[in-house]
Amino acid sequence: MKLFEALKIALHGLLSNKMRSLLTMLGVIIGVGSVITLISIGEGVKSSISSQIQGLGSNLILVTPGSGKAGVNVSTLGAVNRLTYDDALAVERNADSVKNVAPVIESSAYIQYKTGKTTLVSGTTESYAEVRNFSVKSGDFISRGDIRGYRPVAVIGDTVRQELFSGQNPLNKTLLINSKDYEIIGVMEKKGRTLTIDNDDRVFIPITAAESLFNTKQVSMMFIQSESPKAVSTAVDETKRIITDRHKKMDFAVSEQKDILNAFQGITGTLTQMLGGIAGVSLLVGGIGIMNIMLVTVTERTREIGIRKSVGAKRRDIMFQFLLESMFISAFGGLLGIGAGIGGTRMLKDIVPKLPTIISPWSIGVAFLFALLVGLFFGIYPARKAARLSPIEALRYE
Amino acid sequence: MDKYYGRGSSKVAALKKINLEITPGEIIAIMGPSGSGKSTLMNIIGCLDKPTKGIYEFNGRKVNTLNDNQLAVLRNKHIGFVFQNFNLLPRSTALANVELPLIYAGVPGSKRRRVATELLEMVGLKERIYHKPSELSGGQKQRVAVARALVNHPSILLADEPTGNLDTRSGAEIMKLFKTLNSIGVTVVLVTHEKEVASHARRIIYIRDGAIVSDNGIRKNRREQRFEIV
């Protein structure tokens, strides 16, 4: 029997019970739709995190005290592992492939203008703004003169401005940081969030001022910008060599932006797989629905099978007919499911605008293929059952 | 030839020591009360079933040795069935029902439609080819079934109580059709318990409790036999 005839017979069978076919298909539609939607969330989160990490600044290298792994911020309080402003200066002076070094002494502190709040105070150098891609909206960023002169000046982030100076111009006002006076010399451009961190809820002061404010020489981290993207690995090597020479041991960790990116991509990749897997289960349930309905159909149409066999249908003709029906359900359901997935993702965007979603072609392909496989797998048993019916008993069936 | 159902102690003999030869061109009636085994015999003649013991040869082929697929091909090419309850596909048109055996024979669509239409015309249903079984009377349904049985030019036409669900007039028409077909060379085997129907046949075989009690057939030389059951 030709494929075309078989397809026609299968389609005829499905159309003769439209409601049932549609409901069975619904299982596949929901399954494929949710696979595509959930994977789009995973992929969206992945790309959003990637772009946020890339937004940290270009050609970025991160040096942290201790031998901690990439991106892990070791406590600044330990006096054992000392990474200092002088180390930063040494790197900046001696490493040819390094363009800028921005050491940061960071701690939370209580700040007050009229009202007060606790925020992150970062003692840093003039390079910070360039290295981290931050820019000043009004006034100036910290200058080398401020650092050399230990001047009590502060540059505030956008969140701090909104919360403490709503409607007022904060420039030249005096801000209390841990009860000490700082003159506000600049306000930063709004930067947004990196992952969960609000980059605008902070105050920048000269690193030398921070050393005395927090009574420590230890920097929390050091951002290093290489001369060019190609120079990143050279810059990493030079940084390691210079600081190790000064410390006589490797009591710090150097990580590239790439390492951080890889670490997060590993996490988000797992997230995507997990979401896809959960949705895959619903597709599997849809497959069980197909099997269930096909078994009912085979029983209902026992007599038809008997008639077909009596006029010369072979086992494989019957097998093919019913297998094609379940494949039809899964294929057609899969196609509609792709539409449902794309529609669902759009709807999700409307309901939760902050949730990043990206529909990737591979997820559509995978979901559709999986649906076909489900149809094939769960169709085999009912089709075999139909094919193996004895024609006499099938004809006698009431 | 014997046919048993079940196994061990629950074994039931449906047919016992049947010895039968059917010659091409014959019109035979198999008669007997219900439960006598006449339907079982017909199933075996029609290659829907195989004997448990003994040999059944169809056109010189030993049916016992054939597998399911070979039986299906045999039924498709050489056997036409007409059933008491018509056994038409309820959701397909008369034309589609008649075309069915041709689909499994791999005949292309245009030829299928031509052949099926011709046959429906022959049984007098030219105006009804696009009607579904539910829109046809019993007699018309049975004529569709006869057309379907003939569509592959079978060697033998098997009819199991073909008039059982028909009124007298329709039944008579169907019987007339069978006789016409027989007159042009089609071998016809009727299974019935109605004397009236059986009277149309030249040869009548009575079965009781799975065994042949009488057979008025004329034995011929073995060499001329085409269908035989030993």
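Residues numbered from 1 in each chain as written. Chains lettered and ligands numbered in written order. Predicted model: local features only at pLDDT ≥ 70, side-chain atom pairs only at ≥ 80, totals over all residues.

Asker: Help me out: how do you make sense of the overall build of chain B in this one?
Answerer: Secondary structure summary: chain B contains seven helices and 12 strands in total. For chain B, the C-alpha radius of gyration of 18 Å lies close to 17 Å, the compact-globule estimate for 230 residues. Referenced to the eigenvectors of the C-alpha coordinate spread, the extents of chain B come out at roughly 50 × 40 × 35 Å. Relative to its full complement of 230 residues, chain B shows a buried share of 45%. Of the contacts formed within chain B by residues at least 6 apart in sequence, a portion of 70% connects residues at least 24 apart. (Helix = DSSP H or I, 4+ residues; strand = E, 2+ residues; numbered from the N terminus. Rg over C-alpha atoms; globule rule 2.2 N^0.38 Å. Buried ≥ 20, exposed ≤ 12 C-beta atoms within 10 Å, placed from the backbone. Contact = placed C-beta atoms within 7 Å.)

Asker: Help me out: how do you make sense of helix H10 (residues 302-310) of chain A in this one?
Answerer: For an α-helix the count is 3.6 residues per turn, leaving residues at separations of three or four pointing the same way. All names here are of chain A. With respect to burial, H10 is a largely interior element, seven of its nine residues being buried. What H10 keeps buried is the set Glu304, Ile305, Gly306, Ile307, Arg308, Lys309 and Ser310. Count one or two residues on from H10 and you reach Gly312, which has phi positive near 115 degrees.

Asker: I tried to follow the confidence of the model for chain A on my own but got confused; where do I start?
Answerer: Low-confidence regions, as indicated by low pLDDT, have predicted coordinates that should not be scrutinised in detail. Averaged over every residue, the pLDDT of chain A is 88; the share at 70 or more is 95%. In the model, residues 69-79 of chain A has pLDDT below 50 throughout and makes 19 contacts with residues more than four positions away in sequence or in other chains. (pLDDT = per-residue confidence, 0-100.)

Asker: How should the confidence of the model for chain B be read in this particular structure?
Answerer: Residue and element names in this part refer to chain B. Of all residues in chain B, 94% attain a pLDDT of 70 or more, and the chain-wide mean is 87. Element-level pLDDT for chain B is lowest in strand E12 (residues 227-229), with a mean of 57, against a maximum mean of 94 in helix H3 (residues 94-105). This stretch, residues 220-225, has a pLDDT under 50; its non-local contacts, to residues over four places away or in other chains, come to five contacts.

Asker: Even after reading the chapter, I still don't get the pairing of strand E11 (residues 211-215) of chain B, so can you show me in this structure?
Answerer: The side chains of a regular strand alternate between the sheet's two faces. Residue and element names in this part refer to chain B. Strand direction decides the pairing type here: strand E10 (residues 203-208) and E11, joined by four bridges, are antiparallel. By the bridge assignment, Arg208 is partnered in E11 with Ala211. The turn joining E10 and E11, which pair antiparallel and follow one another in sequence, is formed by two residues; a positive phi near 50 degrees is taken by Asp209. (Pairing = 2+ DSSP bridges.)

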